[in-house]
Amino acid sequence: MSMLIAFYICLTLFLSIFAGTDGYFEQVVRQCRFTSKDLHGIEFIDSYVFNQAEYIRFNSTVGKFVGYTEHGVKNAEAFNSDASLLAQEQGELERYCKTNAAIDYSAILDKTAEPHVRLSSVTPPSGRHPAMLMCSAYDFYPKPIRVTWLRDGQEVKSDVTSTEELANGDWYYQIHSNLEYTPKSGEKISCMVEHISLTEPMMYHWDPSLPESERNKIAIGASGLVLGAILALAGLIYYKKKSSGVL
Ligand SMILES: *[C@@H]1O[C@H](CO)[C@@H](O)[C@H](O)[C@H]1NC(C)=O
C-alpha cells in the first residue's frame, strides 16, 4: 500500500488595521509554508497588503524583502539595508515556523482515524445490471484511502463508480463506492478498504441472504404484529370482564 501524503499547510496570522468609513484595509499576513514532516523547504513569508494589494513581502528562501509597488520597492530597499531587521525576519523561520509545524504534526497531521465501513444493497440505476452494492467508509483521517471490490478474490474494475473523498468539515472524510453487478449463486463479493490507520487491508464480505434493510422491514413488521396482538388481547379481556360485570 503506497500512499502519497502531501500536506500543504499555511499558518496564517492576520494583523489588520481598519480605518475610516471608506474602508482602508491594511493587513500583515504571515505564513509558514511546508509540505513534509522533515520540513524540507519550509518557508516563512511575511506579506504587507493595503486594500488587498500586496506591496511588500519578505521570503525566507530569498532572505530579503521584495517590493511590488513604487512605495513597496522604496520600503524594501530601506528594510534590506537594516541587517538586524533582516536577521529578525529570518529568525522567524526557526522561532515561529519550525516550532509550530512540529506542533501541527504531533497534534493533528500525524494522527490517524480508522474508517467505519458499511456495505449495503442499493437500487441500481436502470442499467446493465439488476443489482448494486454500496461500500461506504466514514470518519477516516487522513484523506488518502483505497476502496476496491473483489469477486471471488479477484479485483473487479468494471461497473465501479466512486465519489471523491468528501470532507465532513470536522477533519474527517467519507467516501462511497458502488458496484453494479449481476448476482451469481455461490460467488463471494467483498469490499476491501486500505488506509494508513489500518495495519492490513480490511475486508467486508457481502451476505446476500437478506440485506439489512429487508431485515429491518421484517423486524418492524413483526414488532407491529406483536404490539397489535397484545392490544387486541387486552381489549378482549377488558370487554369480557366488563360484560361479565366484574368492572
Ligand atoms: C520564495 O522564494 C523562492 C525562491 O525564489 C520561490 O521559489 C518561492 O516560490 C517563494 N515563495 C513565495 C510564497 O513567494
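Coordinates for the structure precede this section.
Small disclaimer: the values here were computed from a predicted structure and weren't measured.

1. Some points on the state of the cysteines
- This structure, assessed with the given rule, holds 2 disulfides.
- The disulfide that involves cysteine 32 links it to cysteine 97, with 2.3 Å between the sulfurs. In this structure, the disulfide formed by cysteine 32 and cysteine 97 twists by about -80 degrees around the S-S bond and is classed as left-handed. Placement of cysteine 32 in strand 2 (residues 24-34) and of cysteine 97 in helix 2 (residues 83-109) is noted, with a sequence separation of 65 residues between them.
- On the accessibility criterion, cysteine 32 (0% relative accessible area) is buried.
- Residue class for cysteine 97 comes out buried when judged on its relative accessible area of 0%.
- With a sulfur-sulfur separation of 1.9 Å, cysteine 135 is cross-linked through a disulfide to cysteine 191. Negative torsions about the S-S bond denote left-handed disulfides, and the value of about -80 degrees found for cysteine 135 with cysteine 191 makes this one left-handed. Within this pair, whereas cysteine 135 is found in strand 7 (residues 131-140), its partner cysteine 191 is found in strand 13 (residues 189-194), the two being separated by 56 residues in sequence.
- The exposure class of cysteine 135 is buried, given its relative accessible area of 2%.

2. Here we look at the packing of aromatic side chains
- Under the counting rule described, the total for this entry stands at 7 aromatic pairs.
- An angle of 50 degrees between the planes, with centres 6.4 Å apart, marks the rings of phenylalanine 44 and phenylalanine 58 as tilted. Here the residue phenylalanine 44 occupies a position in strand 3 (residues 43-50), and phenylalanine 58 occupies one in strand 4 (residues 53-59), the gap between them amounting to 14 residues. Phenylalanine 58 shares its class with phenylalanine 44; the two are buried.

3. Points about the side chain of asparagine 178
- You can see asparagine 178 is positioned in strand 12 (residues 173-181).
- In contact with asparagine 178, not counting residues within four places along its chain, are Val122, Met132, Leu133, Met134, Trp149, Asp159, Val160 and Thr161.

4. What about a nonpolar patch on the surface?
- On the surface, a cluster of nonpolar side chains totalling about 250 Å² of accessible area is made up of Val62, Val66 and Tyr68.
- Inspection of the secondary structure assignment puts tyrosine 68 in the loop between strand 5 (64-67) and helix 1 (70-80).

5. What to know about the sheet that holds strand 13
- The sheet built from 4 strands is open, its strands ordered 9-8-13-14 with antiparallel pairing. Edge positions in the sheet fall to strand 9 (154-156) and strand 14 (202-205), since each of these pairs with one other strand and no more. Strand after strand, the sheet turns through a mean of 35 degrees between neighbouring axes, direction not considered.
- In this structure, strand 13 lies alongside strand 14, joined through 4 bridges in antiparallel fashion. Counted as the bridge partner of valine 193 is methionine 202 from strand 14.

6. Remarks on the site of the ligand
- All residues in the neighbourhood of the ligand are listed as Glu43, Ile45, Arg57, Asn59, Thr61 and Val62.
- Measuring from a nitrogen atom of the ligand, one finds a side-chain N or O atom of glutamate 43 at 3.1 Å.
- Side-chain polar atom of asparagine 59 to an oxygen atom of the ligand: 2.3 Å apart, as the coordinates give it.
- Protein coverage of the free-state accessible area of the ligand, which is 360 Å², stands at 51%.
- Elements that contribute at least two residues to the shell around the ligand include exactly strand 3 and strand 4.
- Classifying every residue of the shell around the ligand by side-chain character gives 2 nonpolar, 2 polar and 2 charged.

Criteria and thresholds
Residues numbered from 1 in each chain as written. Predicted model: local features only at pLDDT ≥ 70, side-chain atom pairs only at ≥ 80, totals over all residues. Heavy atoms only, no water. Disulfide = S-S within 2.5 Å. Helix = DSSP H or I, 4+ residues; strand = E, 2+ residues; numbered from the N terminus. Buried < 20%, exposed > 50% of the residue type's maximum accessible area, 1.4 Å probe, protein only. Phe/Tyr/Trp six-rings, centres within 6.5 Å; stacked < 30°, edge-to-face > 60°. Contact = heavy atoms within 4.5 Å. Patch = residues over 30% accessible without salt bridge, like charges linked within 9 Å, V, L, I, M, F, W, Y side chains within 5 Å. Areas by Shrake-Rupley, 256 points an atom, 1.4 Å probe, with all protein chains shown as cover. Salt bridge = Lys/Arg side-chain N within 4 Å of Asp/Glu carboxyl O. Pairing = 2+ DSSP bridges. Axes fitted to C-alpha atoms, helices over the stretch in contact; angles between N-to-C directions. Near = heavy atom within 4 Å. Polar contact = N/O pair within 3.5 Å; in protein donor to acceptor, adjacent residues only side chain to side chain. Nonpolar A, V, L, I, M, F, W, Y, C, P; charged D, E, K, R; others polar.

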